[in-house]
Amino acid sequence: MANTKLETRKRRAWNTNVFVKQLMAISGLFFVMFVIVHAYGNLKMFFGQEAYDYYAEWLKGDAFYPLLPEGGLIIVFRTAMILFALVHIVAAFHTWIVSRRARADRYTVKKNVADSYAARTMRVSAVILLFLITFHILHFTTATIPAGFDAAEASPYMRMVGAFSNPGIVVLYAVFVGTLAMHIGHGIWSALQTMGWLRRNTQNATVVIGGVVAVIVFVMFMAPPVAIAFGFIS
């Protein structure tokens with residue numbers, strides 16, 4: 001009887017952990033889609049100030065109006081971002097705790113080298129990203145950190161130019177985007193594995209897909225800052 005209860009608890013714990021990992025995978029894939037759309041929007045810098053500023057104001061005002069009230073998209077989007085971020089962080093923390101407990105169990109089967117490396121990389125890059133995202137918001141969005149422009153008066157286009165005219169910020173942004181790209185590359189592979197879509201015959205293809213998406217994200221995000229730093233956008 002005791003063994004039966006123990007096995008039942010183990011199955012429940014396993015099911016709970018799988019569910020939490022699926023929540024983390026779904027929220028992570030949502031952020032990947034957001035990152036790609038965000039990077040695409042930034043590329044409008046190459047079409048000039050009018051095009052970029054119009055795009056930025058459209059997002060804040062008339063996007064999907066009258067389906068949504070004026071400015072409604074930003075409210076819905078930010079609310080969704082906060083909820084998905086909380087789900088992703090809590091799920092990641094839960095998974096980390098379960099992993100630590102599992103390592104303490106001598107009967108637990110060890111993960112393979114690739115899984116262990118990916119897990120460590122995801123945790124380290126996640127911590128770095130939290131700090132860099134906070135800096136990015138304080139520097140670019142709220143201008144709490146001096147950014148070379150008046151946040152209250154400058155247009156979105158001029159905020160971009162003002163921020164990335166500083167070579168130091170471009171280098172820091174490259175670290176930020178590089179960490180983000182690495183997190184996405186591993187995250188795609190991990191999410192597909194969690195959802196049960198990873199097989200032996202698809203593993204290599206999945207790694208390649210994750211790498212390609214990571215490279216695309218890095219190039220798309222870094223194109224405007226590099227162009228600004230070298231004077232192609234002014």
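Note that residues are indexed from 1 along each chain, following the sequence as it is written. At least 70 in pLDDT is required for a residue's local features to be given in this predicted model, at least 80 for side-chain atom pairs to be given and counted, and no such filter applies to totals for whole chains, interfaces and linings, which use all residues. Values shown for side chains rest on all heavy atoms present in the structure; no hydrogens or waters enter the calculation.

Participant: Tell me about the nonpolar core, and please be specific about residues and values.
Facilitator: The tendency in soluble globular proteins is for nonpolar side chains to be buried side by side. If you look at the biggest cluster of nonpolar residues, it comprises 29 residues, and the most contacted ones within it are Met45, Phe164, Ile184 and Phe221. Secondary structure elements with two or more residues in this core: helix 1 (2–42), helix 4 (113–141), helix 5 (156–164), helix 6 (167–194) and helix 7 (203–229). Sort the elements by how many residues they give to this core and helix 6 lands first, with nine residues. Excluding its chain neighbours within four sequence positions, the residues that come into contact with Ile184 are Val32, Val35, Val213 and Val217. As used in this record, nonpolar core signifies buried Ala, Val, Leu, Ile, Met, Phe, Trp, Tyr and Cys residues forming a set joined through side-chain atoms within 4.5 Å. Residue exposure (1.4 Å probe, protein chains only): buried if accessible area is under 20% of the type maximum, exposed if over 50%, otherwise partly exposed. Every helix listed is a DSSP run of H or I at least four residues long, and every strand listed is a run of E at least two residues long, numbered separately from the N terminus. The criterion used for residue contact is that any of the two residues' heavy atoms lie within 4.5 Å.

Participant: Describe the packing of helix 5 against helix 7, naming the residues involved and giving the relevant values.
Facilitator: Every angle, taken between N-to-C directions, lies between 0 and 180 degrees, and every axis is a line fitted to C-alpha atoms, over only the stretch in contact when it is a helix. The interhelical angle for the contact between helix 5 and helix 7, taken along N-to-C directions, is 70°, at an axis separation of 9 Å. By the angle between their directions, the pair helix 5 and helix 7 is classed as roughly perpendicular. In this structure, the crossing between helix 5 and helix 7 has a hand that is right-handed. The residues of helix 7 that touch helix 5, namely those facing Met160, Val161 and Phe164, are Pro224, Pro225, Ile228 and Ala229. Any residue outside Ala, Val, Leu, Ile, Met, Phe, Trp, Tyr, Cys, Pro, Asp, Glu, Lys and Arg is labelled polar, Gly included; the first ten of those are nonpolar and the last four are charged. Broken down by class, the residue content of the contact of helix 5 with helix 7 amounts to seven nonpolar, no polar and no charged. Small angles under 35 degrees read as roughly parallel and large ones over 145 as roughly antiparallel, with 65 to 115 read as roughly perpendicular and the rest as oblique. Throughout, a crossing is termed right-handed when the near helix is turned clockwise from the far one, and left-handed when it is turned anticlockwise from it by less than a right angle.

Participant: Before we move on, can you summarise the side chain of Ser155 with the specific residues and values?
Facilitator: With respect to the helices, strands and loops of the structure, Ser155 is situated in the loop between helix 4 and helix 5. In terms of polar contacts, Ser155 uses its side chain to reach the side chain of Asp53, at 3.2 Å. Ignoring anything within four residues of it in the chain, the contact list for Ser155 reads Gln49 and Asp53. Polar contacts, as used here, are pairs of N or O atoms within 3.5 Å; protein pairs need one atom able to donate a hydrogen and one able to accept it. Residues neighboring in sequence count only if both atoms are side-chain atoms.

Participant: Any chance you could break down the environment of Ala56 for me, citing the residues and the numbers?
Facilitator: Structurally, the position occupied by Ala56 is in helix 2 (residues 49–60). Spatially, the C-alpha atoms of Ala56 and Lys44 are 9.8 Å apart, while their sequence positions differ by 12 residues.

Participant: Explain the packing of helix 6 against helix 7 to me, using residue names and the numbers behind them.
Facilitator: At a minimum axis separation of 8 Å, helix 6 and helix 7 run at an interaxial angle of 160°. With respect to their mutual orientation, helix 6 and helix 7 come out roughly antiparallel. Helix 6 and helix 7 meet at a crossing whose hand is right-handed. Counted together, Val170, Tyr173, Ala174, Val177, Gly178, Leu180, Ala181, Ile184, Gly185, Ile188, Trp189 and Leu192 of helix 6 and Gln203, Thr206, Val207, Gly210, Val213, Ala214, Val217, Phe218, Phe221, Met222, Pro225 and Ala229 of helix 7 form the full contact between these two elements.

Participant: Tell me about the confidence of the model for the chain, residues and numbers included.
Facilitator: The predicted coordinates ought not to be read in detail in places where the model reports low pLDDT. The pLDDT score gives, residue by residue, the confidence of the prediction method on a 0 to 100 scale. Mean pLDDT for the chain: 78, with 77% of residues reaching 70 or above. Ranking the helices and strands of the chain by mean pLDDT puts helix 7 first, with 90, and helix 4 last, with 70. In this model, residues 9–14 is a region of pLDDT below 50 whose contacts with residues beyond four sequence positions or in other chains number zero contacts.

Participant: Explain a nonpolar patch on the surface to me, and be specific about the residues and the numbers.
Facilitator: Patch definition: residues with relative accessible area over 30% and no salt bridge; like charges joined within 9 Å; nonpolar side chains (Val, Leu, Ile, Met, Phe, Trp, Tyr) joined within 5 Å. Note that accessible areas follow from Shrake-Rupley with a 1.4 Å probe, and for residues the cover is restricted to the protein chains shown. Put simply, a salt bridge is a Lys or Arg side-chain nitrogen that is within 4 Å of an Asp or Glu carboxyl oxygen. Taken together, the side chains of Tyr54, Trp58, Phe64 and Leu67 make up a nonpolar region of the molecular surface, amounting to roughly 510 Å² of accessible area. Locating Leu67 in the fold gives a position in the loop between helix 2 and helix 3 (72–104). According to the relative accessible area criterion, Leu67 is exposed, its value standing at 73%.

Participant: So what's going on with the packing of aromatic side chains? Which residues, and what values?
Facilitator: Ring pairs shown here join Phe, Tyr and Trp side chains whose ring centres sit within 6.5 Å, with only the six-membered ring taken for Trp; geometry is labelled stacked below 30 degrees between planes, edge-to-face above 60, and tilted in between. Under the definition given, this model contains four aromatic pairs. Residues Phe30 and Phe84 carry aromatic rings whose centres are separated by 4.1 Å and whose planes lie at 15° to one another, so their mutual orientation is stacked. Here Phe30, found in helix 1, pairs with Phe84, found in helix 3; they are 54 residues apart in sequence, far enough to count as distant. Ring centres 6.0 Å apart and planes at 80° place the aromatic pair Tyr173 and Phe176 in the edge-to-face group. Within this pair, Tyr173 and its partner Phe176 are both found in helix 6, separated by three residues, close to a single helical turn.

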